[in-house]
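# Structural description and commentary
One-letter residues, chain by chain:
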Amino acid sequence: MADYRLPTTVRPTHYQLAVKTDLAATPASFSAEAIIDLAVDETTSSIVFNLHPSLSVTHIALASGDLEATAIPTSALSVDAETERATLDLGAVGGGLTAGVHGAKLFVRWEAELGGNMMGYYKSNGDADEHGNRPIYALTQFEPTAARRAMPCWDEPLHKATYALSMIAREDQVVLANMDAVSAVPWQPAAPLSSSEAALDASYTVGSSLPASSSGSWTVTQFTTTPPMSTYLVAFACGDFAHLAAEHHSKLTGKTIPLKIYATANQIHKAQLGLDVKKWGLPIYEELFDIPYPLPKLDTLVAHDFDMGAMENWGLITGRTTAYLYDERSSLAAKKRVGTVQLHELAHMWFGDIVTMKWWDNLWLNEAFATLMGSLVLPERIFPEWKMNSEFIDTHWVRAMDLDCRRSSHPIEVACPDSSQINQIFDAISYSKGASVLRMLKSVVGEEKFFKGVSIYLKKHLYSNAQSSDLWEGISQSVGKDMGSVMANWTLKVGFPVITVEESGDSELKLTQNRFLSTNDVKGGENETLWWVPLEVKTVNGGKTDVDHDAILSDRSATYKVSSDSFKLNAETIGLYRVQYTPERLAKLGAQAQSFTVDDRVGLLSDASALASAGYSKTSAALAFAAAVATTETEYLPFSQISNLLGTVARVWWEDDEVHDAINKVRANIFRPLVDKMGYEHAEDDPPDVKQLRALAVSTAAAAGDETVLAEIVKRFEPFVTLNDDSGITPDLQRTIFTKAVREGSKAEYEKMLEVYNSPTSNPSTKVDAMFALCATQEPALIDRTFAMLPDTKAIKDQDLYIFFKGLGANRAVRHRNAQYVMDNWVALNERYNASFGLRNAIGGAFGKLSSKHDLERVSAFFGAHDVKKYKLVVAQTVEGIQAASDWLARDTEDVKAWLKENRFL
Ligand SMILES: [Zn+2]
């Protein structure tokens with residue numbers, strides 16, 4: 001670990017930075033200068049900082065108390081490509097830096113190409129204009145360790161410093177940065193530096209002597225100096241952007257903060273919702289945290305090429321088009337994405353940006369909190385009709401346990417010795433498990449005390465760094481008792497418990513906790529953690545509901561007396577654990593389902609499904625429970641769980657035609673009547689969950705191959721092919737209609753989807769739906785065309801490639817071919833993705849739906865023979881997922897068949 005971390009001898013306190021961007025050069029490139037003020041904590045003869053080898057350093061100079069401004073030959077700088085660190089040997093110029101010396105400054109000038117790999121300072125291609133020209137623009141993506149690809153820096157979150165940035169660009173370009181612009185004046189290069197040390201003269205303006213470019217008039221824009229901040233949050237951009245504007249009036253300060261959203265001119269009209277959400281969210285955050293938004297402005301920039309979903313650069317949020325663009329052809333899901341992503345990034349303006357984790361092992365402090373706020377707390381206030389608490393269970397709570405039930409999972413707080421490990425923990429554990437743990441704590445202590453504690457924590461560490469214990473301290477202070485010790489195992493230990501409920505005749509329950517594993521084979525040493533489990537026992541007595549909020553299980557087991565024969569644990573599904581009832585109790589709960597809330601039913605269904613797939617109970621028990629709930633169910637989210645269970649069984653038994661077809665009959669049997677009742681069109685006043693239920697019913701019945709539903713889909717798609725009339729395609733049903741119409745259809749349907757995919761006017765979520773459709777065809781010649789697109793960087797953007805692997809993985813006919821493709825092209829894919837996030841998603845898409853023992857052996861052997869260090873977590877998790885599925889097949893095929901026969905589906 002010590003090798004990767006920077007030494008503690010010298011640290012930066014202030015960067016003067018000038019960046020000159022030349023988008024018209026061939027290749028597009030930038031040159032830049034920095035003067036970095038240094039604090040010298042230990043005497044040293046070298047300075048070590050982060051620098052990526054793609055930056056070419058041309059000038060270096062150093063000034064300090066005992067080493068007056070001195071030019072340093074670039075030969076004194078050695079760059080280690082593996083650790084992305086540079087060592088500047090001061091011995092080479094006969095000097096060193098003495099501890100405590102004042103006025104040490106490092107000057108560096110460098111230049112580099114604007115890369116296309118979505119890291120550092122990179123170029124993005126806009127949509128083609130009427131002449132087929134695609135404008136380029138440039139923006140940054142630094143998190144977690146790519147600031148060093150744009151500038152020499154101390155690229156660790158603990159090294160907060162202030163930044164005074166100036167951007168030099170052609171005068172018709174818009175330049176953006178974390179802060180507001182203080183001046184913009186014409187720029188012409190000054191005379192070349194007589195020598196490097198001249199740059200450290202008090203009279204020198206950083207960037208003024210950067211080399212001239214061949215054409216155009218240039219402007220230099222100076223931005224206000226930032227507060228102390230971490231490198232990964234620094235951001236700038238340059239391009240031909242349009243914008244929409246609004247304002248935030250702070251109740252805390254009385255100040256007005258300009259809010260803008262930027263995009264290319266052809267897309268800006270789709271950005272209004274993103275801007276509105278920002279405006280609605282800011283006052284709520286200020287009130288909850290009791291801390292004003294601290295910067296003078298807040299921009300969002302929408303980018304065509306973006307590796308992650310979005311990024312919380314302080315004052316300049318960035319993100320991909322699907323995260324921020326929305327119009328009348330977008331689905332409700334797309335609207336929710338815009339809302340939750342913008343609110344997530346806004347939460348980071350406090351959680352992450354003002355207060356930053358000390359090191360990446362505490363990444364969860366950023367991501368869990370932003371997920372909790374963006375996917376739950378803020379939408380509940382702004383969009384109550386979305387019923388986000390129930391949806392949180394259906395998404396993050398389920399996702400968290402789905403990953404954390406694997407042996408290859410990791411604790412929320414995990415050692416991050418190098419950049420490949422840092423990259424890998426941007427996963428469901430940091431986001432969804434972390435958020436679920438915080439939601440559990442919030443439910444137990446109450447929202448008011450929870451946010452009071454959060455506010456205490458934030459105020460104590462403003463403009464500084466913190467770790468988990470600091471958050472627990474704030475909440476403990478607010479609650480009046482120590483919460484750190486009870487929360488520790490939730491973040492420091494891997495996994496979560498299953499609570500087994502045994503019943504004796506006299507209303508006494510014996511409750512026992514054990515670690516839950518997807519392979520139900522927990523071994524002694526793996527079962528040592530005892531979690532603090534809020535039991536939240538709910539009883540229903542003659543229509544009256546009670547919840548015991550005081551019952552906590554923190555030992556291995558305990559007894560509990562219930563007052564009614566109608567009860568369940570984990571009321572409202574607030575706790576992050578599974579509950580296993582006896583088969584008799586589960587059957588009773590199925591019959592009593594409507595006595596419990598939607599949140600309860602979602603949790604019960606999810607538990608039943610997870611316990612069956614992991615071998616804690618029989619699959620027939622889960623199927624029977626789901627079928628029983630379905631008979632009385634009316635709500636979207638429980639149906640979504642039922643659809644998931646049946647879809648999972650169909651997916652795991654995908655190579656067993658007999659079971660697969662029979663399960664499809666079960667799916668159609670439950671969902672087709674819903675389609676008949678609800679139809680394909682929304683009524684204007686349908687609430688969101690009714691729309692979602694309609695879309696779920698149609699998509700599940702279609703996935704099950706229901707002929708009537710498929711015929712209707714084909715009928716609705718046809719005018720789109722012949723007349724370009726999409727009025728029959730309800731946006732919420734669009735992905736289902738696109739994929740099924742192509743699946744059922746032929747060349748004309750496929751060509752139509754290609755046209756939609758390639759059209760610059762298609763909205764971003766429509767393009768994604770078209771991608772899935774291109775992967776769904778059953779015709780060999782057409783699917784060959786989709787496979788032929790995969791290596792073509794002009795046909796598929798790097799950021800979108802994983803979507804194709806996901807789509808092809810969902811197509812039974814080519815599932816094996818898709819996996820084989822990724823194996824055959826592993827080296828090329830590694831090169832294309834470099835160190836970005838895409839390949840991680842591609843691995844899940846390509847291999848995640850395999851379930852046979854044969855595939856397990858093949859995939860394990862493949863990964864065993866290749867270097868997968870950068871992806872070792874997701875590879876281990878994927879292989880373990882195939883293992884669990886193949887165990888499930890071996891264990892329960894006869895049980896599933898018996899249930900299907902008994903219920904006349906087989
Ligand atoms: Zn985030």
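Residues numbered from 1 in each chain as written. Predicted model: local features only at pLDDT ≥ 70, side-chain atom pairs only at ≥ 80, totals over all residues. Heavy atoms only, no water.

The name that an unreviewed UniProt entry assigns to the protein is Aminopeptidase, with the source organism given as Apiotrichum porosum. UniProt, in its Sequence similarities (unreviewed entry) section for the protein, records the words "Belongs to the peptidase M1 family." (UniProt positions renumbered as here; feature names shortened; annotations may be inferred.)

## Topic: the overall build of the protein
Looking only at helices and strands, the protein features 27 helices and 31 strands. Expected size for 906 residues packed as a compact globule is a radius of gyration near 29 Å; at 29 Å, the protein falls within 12% of this value. If you line up the protein on its principal axes, its C-alpha atoms span 90 × 70 × 60 Å. Intrachain contacts of the protein at a sequence separation of at least 6 include 74% that bridge at least 24 residues. Taking the average place of the 86 positive charges on the side chains of the protein and the average place of its 114 negative ones, the gap between the two points comes to 3 Å. (Helix = DSSP H or I, 4+ residues; strand = E, 2+ residues; numbered from the N terminus. Rg over C-alpha atoms; globule rule 2.2 N^0.38 Å. Contact = heavy atoms within 4.5 Å. Lys, Arg positive; Asp, Glu negative; His and termini not counted. Charge placed at Lys NZ, Arg CZ, Asp CG, Glu CD.)

## With respect to the environment of Ile-35
Of note, Ile-35 is situated in strand β2 (residues 29-40). The exposure class assigned to Ile-35 is buried, which follows from its relative accessible area of 4%. (Buried < 20%, exposed > 50% of the residue type's maximum accessible area, 1.4 Å probe, protein only.)

## Concerning the pairing of strand β1 (residues 10-22)
For β1, the tally of buried residues reaches ten of 13 residues, placing the bulk of the element in the interior. Relative to β2, β1 is paired through twelve bridges, and the arrangement is antiparallel. Across the sheet, Asp-22 pairs through a bridge with Ser-29, a residue of β2. Taking the residues that link successive antiparallel strands as the turn, the β1-β2 hairpin has six residues. In this sheet, strand β11 (residues 162-170) lies alongside β1 in parallel orientation, the contact comprising seven bridges. Note that in β11 the partner of Gln-16 across the bridge is Ala-164. (Pairing = 2+ DSSP bridges.)

## Describing the pattern of salt bridges
Following the criterion strictly, the structure yields 49 salt bridges and no others. Between Asp-892 and Lys-618 there is a salt bridge; the shortest N-O distance is 2.9 Å. Remark: Lys-618 occurs in the loop between α12 (598-614) and α13 (619-632) and Asp-892 occurs in helix α27 (residues 872-902); sequence separation between them is 274 residues. Exposure remark for Lys-618: the relative accessible area of 41% places this residue in the partly exposed category. Taken together, the salt bridges that share partners define one network made up of Glu-84, Arg-148, Arg-149 and Asp-155. (Salt bridge = Lys/Arg side-chain N within 4 Å of Asp/Glu carboxyl O.)

## Digging into the coordination of the zinc ion
Bound to the zinc ion on the protein side are His-344 (NE2), His-348 (NE2) and Glu-367 (OE), at distances that span 2.0 to 2.1 Å. For the zinc ion, the donor residues sit on a single chain with the sequence spacing H-x3-H-x18-E. Taken together, the positions of His-344 and His-348, both in helix α3 (residues 332-348) and four residues apart, correspond to about one turn of that helix. Assigned by exposure class, His-344 and His-348 land together as buried. (Donors = N, O, S within 2.8 Å, 3.2 Å for Na, K, Ca; no water.)

## Things to note about helix α14 (residues 636-652)
Three or four residues apart is the spacing at which side chains of an α-helix point the same way, because the helix has 3.6 residues per turn. A rise of 1.5 Å per residue sets the reference length of α14, with its 17 residues, at 24 Å; its end C-alpha atoms lie 24 Å apart and thus fit the reference within 8%. Burial within α14 is extensive, with 14 of its 17 residues counted as buried. (Expected span 1.5 Å × (residues − 1).)

## Let's talk about the UniProt feature "binding site: Zn(2+)" (unreviewed entry) in the protein
As recorded in UniProt, the feature "binding site: Zn(2+)" (unreviewed entry) lies at His-344, His-348 and Glu-367. Of the residues just listed, which span 24 residues, no C-alpha pair is farther apart than 8.5 Å, and they cluster in one region. For His-344, the contacting residues outside a window of four places in its chain are Glu-367, Ala-370, Thr-371, Gly-374 and Tyr-431. If we ignore the near neighbours within four places in the chain, the residues touching His-348 are Glu-312, Asp-353, Asn-366, Glu-367 and Ala-370.

## Digging into the packing of helix α17 (residues 707-723) against helix α19 (residues 747-758)
Across the interface, α17 lies against α19 with an axial gap of 10 Å and an inter-helix angle of 65°. On the basis of the axis angle, α17 is roughly perpendicular to α19. Here α17 and α19 pass one another in a crossing that is left-handed. In this structure, α17 uses Phe-717, Phe-720 and Val-721 to contact α19, whose residues at the interface are Ala-748, Glu-749, Lys-752, Met-753 and Val-756. Taken together, the residues of the contact of α17 with α19 break down into six nonpolar, no polar and two charged. (Axes fitted to C-alpha atoms, helices over the stretch in contact; angles between N-to-C directions. Parallel < 35°, antiparallel > 145°, perpendicular 65-115°, else oblique. Left-handed = near helix turned anticlockwise from the far one by under 90°. Nonpolar A, V, L, I, M, F, W, Y, C, P; charged D, E, K, R; others polar.)

## Things to note about the nonpolar core
The biggest cluster of nonpolar side chains holds 304 residues, and the ones touching the most others in it are Met-373 and Phe-847. The element that contributes the greatest number of residues to this core is helix α4 (residues 363-382), accounting for twelve residues. Looking at which domains feed residues into this core, each of domain 1 (10-230) and domain 2 (790-891) gives three or more. Those residues in contact with Phe-847 that sit more than four places away from it in its chain are Ala-819, Val-822, Met-823, Val-859, Phe-863, Thr-878 and Ile-882. (Core = buried A, V, L, I, M, F, W, Y, C linked by side-chain atoms within 4.5 Å. Domains from an automatic or database assignment.)

## Things to note about helix α15 (residues 657-678)
Under the 1.5 Å per step criterion, the end-to-end length of α15 is 30 Å for 22 residues, consistent within 8% with the ideal 32 Å. Maximum bend of α15: about 30°, positioned at Phe-671, with proline Pro-673 one to four residues after it. Just past α15, the residue Gly-679 takes up positive phi, approximately 75°. (Bend = angle between axes of the 7 residues up to and from the residue.)

## Some thoughts on the sheet that holds strand β30 (residues 567-568)
Judged by pairing direction, the sheet is antiparallel, and its three strands sit side by side in the order β27-β26-β30 without closing on themselves. Strands with a single pairing partner mark the edges of an open sheet, and in this sheet they are β27 (544-548) and β30.

## Some words on unusual backbone geometry
Along the chain, Thr-26 connects to Pro-27 via a cis peptide bond; the corresponding omega equals -5°. Along the polypeptide, Pro-27 turns up in the loop between β1 and β2. Positive phi outside glycine occurs at Asn-520, with the angle close to 40°. With respect to the helices and strands, the residue Asn-520 is situated in the loop between β24 (508-515) and β25 (533-534). Positive phi is not limited to glycine here, since Asn-724 has a value of about 55°. Residue position: Asn-724 is located in the loop between α17 and α18 (734-744).

## Some thoughts on the packing of aromatic side chains
By the definition in use, this model includes 41 aromatic pairs. On the numbers, 5.6 Å between centres and 35° between planes, the contact of Tyr-285 with Trp-350 is tilted. Placement of the pair is Tyr-285 in helix α1 (residues 272-289) and Trp-350 in the loop between α3 and β21 (355-357), with a sequence separation of 65 residues. Its relative accessible area of 0% is what places Tyr-285 among the buried residues. Using a relative accessible area of 0% as the deciding quantity, one classes Trp-350 as buried. Seen from their ring centres, Trp-490 and Trp-531 are 6.1 Å apart, and the 45° between their planes marks the pair as tilted. (Phe/Tyr/Trp six-rings, centres within 6.5 Å; stacked < 30°, edge-to-face > 60°.)

## Section: the environment of Thr-8
Within the secondary structure layout, Thr-8 lies in the segment before β1. Here Thr-8 falls in the exposed class, since its relative accessible area comes to 54%. Considering only alpha carbons, one finds Thr-8 and Val-827, 819 residues apart in sequence, at a separation of 37 Å.

## Thoughts on the sheet that holds strand β13 (residues 181-187)
The strands that make up a sheet pair up through hydrogen bonds in the backbone, lying either parallel or antiparallel. Strand order across the open sheet formed by eight strands is β5-β4-β8-β2-β1-β11-β14-β13, with mixed pairing between neighbours. Two strands in the sheet have a free side with no partner beyond their single neighbour: β5 (70-71) and β13.

## Description of the domain arrangement of the protein
Domain parsing of the protein yields domain 1 (10-230) and domain 2 (790-891). Look at where the C-alpha atoms of domain 1 and domain 2 centre, and you get two points 38 Å apart. When the two sides are added together, the surface that domain 1 and domain 2 hide from each other amounts to roughly 520 Å², 56% of it contributed by carbon and sulfur. Area buried by domain 1 at its contact with domain 2 is led by Asn-117, Met-118 and Met-119, which between them contribute 58% of it. Where domain 1 packs against domain 2, one counts zero salt bridges. Residues of the side of domain 1 that touches domain 2, tallied by class, amount to three nonpolar, three polar and two charged. (Buried area = accessible area lost by both parts, 1.4 Å probe.)

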